[in-house]
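As a plain string of letters, each chain reads:
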Amino acid sequence: MNIIEQFIKGKKGNPAFCEDMLLVTEDFIAVLDGVTPKTDRLFSGKTGGRAAAEAVCEAITEFPDNISVNEAVEKMTEKVALLYDDGELFGAAATTVIMFSKNKNELWSIGDCQCYINDGFFGHEKEIDRIVSDMRSLVLELSRRKGISDEELTLKDVGREFILPVIKEQQIFANALGKYSYGVINGKPVPDEHIVVYKVKSGDEIVLASDGYPALKNTLAESERLLAEEIKNNPLCDGDYRSTKGIQKDSVSFDDRAYVRFIV
């Protein structure tokens, strides 16, 4: 494995608040995107997203080099489950992950991180996120038609407020089956249908990234350039690119971001 470039930055500009993580070991390369918490529940003083991402990183460092994808997902899940108190419902601590296994020559994706394999892009957007992002955009546009300015909407995101009840409840679909379901490492078993595997080969150029890049490209410079344009032209994140939130107070971007490019 030859690392070409790597980068990580929190949306608030302070590494202490970043819930994305990047891990490189002798046998694995992983990008983790801790899920933004919807409650004030902390785990040893850390948000659920950060705590889950750290737990998964710890699990990966303990993997044997020849671990299979299903064994890896099981061990990551078990590690996150240890964060919870007895009887506590899973969901407050969760992370998505995309990773490369050197031994298997495979990429493993659980959740909505992104990747490039040579010139081929693979995104893993959740359908429910697309639906609520569209709804938020609609509510913001209705507000504009009523005379509310973008400056006011930045201070009070009525679109976010409108969709928040759904966002808080959507974890019922996490690691479930059927319509609107999605995969995430949150302490509950992950069904096979939510585990995506890509075969790669020696010489392939790979990019792994969190969903903090609205338009991921296969170089860091181009990904950062397009992100800067989006921040400038679409700060509420409700234009052609839509999200469940825009740039919030005291933030420098829509979301945390992590990026690594390497050659197998």
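Our structure is the block above this text.
Computed from a predicted structure; not experimentally measured.

### Things to note about the overall build of the protein
Here is step 1: Per the secondary structure count, the protein includes six helices and twelve strands.
Here is step 2: For the protein, the residues scored as buried account for 48% of the 264 residues in total.
Here is step 3: As presented, the protein carries roughly 12800 Å² of accessible surface, and 51% of it is formed by carbon and sulfur atoms.
Here is step 4: Each charge sign in the protein was given a centre, from 32 positive and 45 negative side chains, and these centres are 4 Å apart.

### Re helix α5 (residues 158-169)
Because an α-helix packs 3.6 residues into every turn, residues spaced three or four apart end up facing the same way.
Here is step 1: Three or more residues of α5 are buried, namely Gly159, Arg160, Ile163 and Ile167. For α5, the angular spread of buried residues about the axis comes to 85°, placing them on one side.
Here is step 2: Those residues of α5 hidden inside the fold are in contact with α3 (127-145).
Here is step 3: Where α5 begins, one side-chain oxygen reaches toward the backbone nitrogen of glycine 159, 3.1 Å away; that side chain belongs to aspartate 157.

### Overview of a nonpolar patch on the surface
Here is step 1: Together, Met135, Leu138, Leu142 and Phe162 line one region of the surface with nonpolar side chains, adding up to about 380 Å² of accessible area.
Here is step 2: In terms of residues, the nonpolar patch owes the most to one element, α3, which gives three residues.
Here is step 3: In this structure leucine 142 comes out as partly exposed when scored by relative accessible area, which is 46%.

### Topic: the packing of helix α1 (residues 48-61) against helix α2 (residues 69-81)
Here is step 1: Packing of α1 against α2 leaves a shortest axis separation of 8 Å and a crossing angle of 135°. Taken together, the axis directions place α1 and α2 in an arrangement best described as oblique. The chirality of how α1 crosses α2 is right-handed. Here Ala52, Ala55, Val56, Glu58, Ala59 and Ile60 of α1 come into contact with α2, specifically with Lys75, Met76, Lys79 and Val80.

Definitions and cut-offs
Residues numbered from 1 in each chain as written. Predicted model: local features only at pLDDT ≥ 70, side-chain atom pairs only at ≥ 80, totals over all residues. Heavy atoms only, no water. Helix = DSSP H or I, 4+ residues; strand = E, 2+ residues; numbered from the N terminus. Buried < 20%, exposed > 50% of the residue type's maximum accessible area, 1.4 Å probe, protein only. Areas by Shrake-Rupley, 256 points an atom, 1.4 Å probe, with all protein chains shown as cover. Lys, Arg positive; Asp, Glu negative; His and termini not counted. Charge placed at Lys NZ, Arg CZ, Asp CG, Glu CD. Arc of directions from axis to C-beta. Contact = heavy atoms within 4.5 Å. Polar contact = N/O pair within 3.5 Å; in protein donor to acceptor, adjacent residues only side chain to side chain. Patch = residues over 30% accessible without salt bridge, like charges linked within 9 Å, V, L, I, M, F, W, Y side chains within 5 Å. Salt bridge = Lys/Arg side-chain N within 4 Å of Asp/Glu carboxyl O. Axes fitted to C-alpha atoms, helices over the stretch in contact; angles between N-to-C directions. Parallel < 35°, antiparallel > 145°, perpendicular 65-115°, else oblique. Left-handed = near helix turned anticlockwise from the far one by under 90°.

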